[in-house]
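Residues per chain, in single letters:
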Amino acid sequence: MNQKEKDTAEAENLRIGRQIRDLRKAKKITLTTMAEKIDRSVGYVSQVERGVSALPIPVLQKICEVLGVQISWFFHTDNEAPVDELNYIVRGDARRSLNFSGTGIREELLSPRLSDQLQMILTTFAPEAGSTESRERKGEEGGFVQSGMLELGVGDKRYLLQAGDSFSLTGNEAHWVRNPSASEDAVVIWTIVGGGY
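Description of the structure in this document.

About the thresholds
Residues numbered from 1 in each chain as written. Predicted model: local features only at pLDDT ≥ 70, side-chain atom pairs only at ≥ 80, totals over all residues. Heavy atoms only, no water. Core = buried A, V, L, I, M, F, W, Y, C linked by side-chain atoms within 4.5 Å. Buried < 20%, exposed > 50% of the residue type's maximum accessible area, 1.4 Å probe, protein only. Helix = DSSP H or I, 4+ residues; strand = E, 2+ residues; numbered from the N terminus. Contact = heavy atoms within 4.5 Å. Phe/Tyr/Trp six-rings, centres within 6.5 Å; stacked < 30°, edge-to-face > 60°. Lys NZ or Arg CZ within 6 Å of the ring centre and 35° of its normal. Pairing = 2+ DSSP bridges. Polar contact = N/O pair within 3.5 Å; in protein donor to acceptor, adjacent residues only side chain to side chain. 1 Å grid on protein atoms, 1.4 Å probe; cavity = no way out; pocket = protein on both sides within 12 Å on 5 of 7 lines; lining within 4 Å. Points joined across faces, edges and corners; volume = space filled by probe spheres on them. Nonpolar A, V, L, I, M, F, W, Y, C, P; charged D, E, K, R; others polar.

With that settled, consider the nonpolar core. Counting 41 residues, the largest nonpolar core has Ile-20, Leu-55 and Leu-60 as the members making the most contacts within it. Top contributing element to this core by residue count: helix α4 (residues 57–67), with seven residues. Leaving out residues up to four positions away in the same chain, Leu-60 has contacts with Ile-20, Leu-55, Ile-71, Phe-74, Leu-98 and Phe-100.

Any aromatic ring pair is given by two values, namely how distant the centres are and how the planes are angled relative to each other. Evaluated as defined, the whole model comprises one aromatic pair. The lysine or arginine in question, Arg-40, covers the ring of Tyr-44, its NZ or CZ lying 5.7 Å from the ring centre.

Alternating residues of strand β7 (residues 166–169) divide into Phe-167 and Leu-169, all buried, and Ser-166 and Ser-168, none buried. For strand β4 (residues 140–147) and β7, the ladder comprises four bridges, and the chain directions are antiparallel. Paired with Gly-143 across the bridge in β7 is Phe-167.

Tracing the backbone shows His-175 in strand β8 (residues 175–178). A polar contact is formed between the side chain of His-175 and the side chain of Glu-141, at a distance of 3.3 Å. Here Glu-173 takes part through its backbone oxygen, which lies 3.0 Å from a polar atom of the side chain of His-175. Among all residues touching His-175, those that are not within four sequence positions of it are Glu-133, Ser-134, Arg-135, Glu-141, Leu-152, Gly-153, Val-154 and Leu-169.

Over the atoms, a rolling probe the size of a water molecule traces out where space has been left empty. Tallied over the entire structure, the rule returns one cavity of 30 Å³ or more. Considering only enclosed or pocket space, the largest cavity measures out at about 60 Å³ in volume. Forming the walls of the largest cavity are 10 residues, and the residues nearest its centre are Asn-13, Ile-16, Gly-17, Ser-53 and Leu-55. Those elements that provide at least two residues to the lining of the largest cavity are α1 (3–26) and β1 (96–100). Top element by residues in the lining of the largest cavity is α1. It accounts for three residues. Considered class by class, the residues forming the lining of the largest cavity number four nonpolar, six polar and no charged.

Listed below in C-alpha cells is the structure:
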C-alpha cells in the first residue's frame, strides 16, 4: 500500500467512525451497550469511532443492526451525478464507495439508489482479503466473479470460484467469502434483493 492509499484508507476509517459515533449518540446508545450488542470491547468500539481500528464487514453489519441502518448508509462519493440521472444511472467516476480499511476490501455501489430492493455492489478483494467468519443477510444475493478467484463457504462446504463463475444464496444461509490468491485482486459483482445491504 503506497502513502496515498494509506492516507485515503485512514480518512475513510475516520469518516465511517465519526458517522457511527454520531448515529450512536443520536440514538442514545452508550459505548458499553454497543460493545455488548456486537460482542466486542468498549475500547474496540471507541477505536472504531476514532478511526484507528480496522472494521471488518461482519462487525460493521452488527453495528448497523444495532443502529438500525443498512451498510449502504455509509457509502459516499466525491462526484455528484447530474439531477436527471440520479434515479437511473451511476457513472464510473461517481460511484458511492466504502473502503473497509485494514481488511483489503473496497466496495462500490453500482445501483443509483440506496433505498431500493435491488442493489448491485462491485467488491474488490486485495490478495488474501476476506474472512471465514460466517454472516447472513436478510435477502437473496448472487455474485459474479469478474476477475481473480473467490473462495465461498456455505455451511460446511467450500467452493473455489474462478473469473466467469457465478453463485446465488437464498438469504438464510450462513456464508463467508475470501480471496485465496496471494498476489492477485479478486473482483466480484454482487446483486442483492430484499433485506438490503
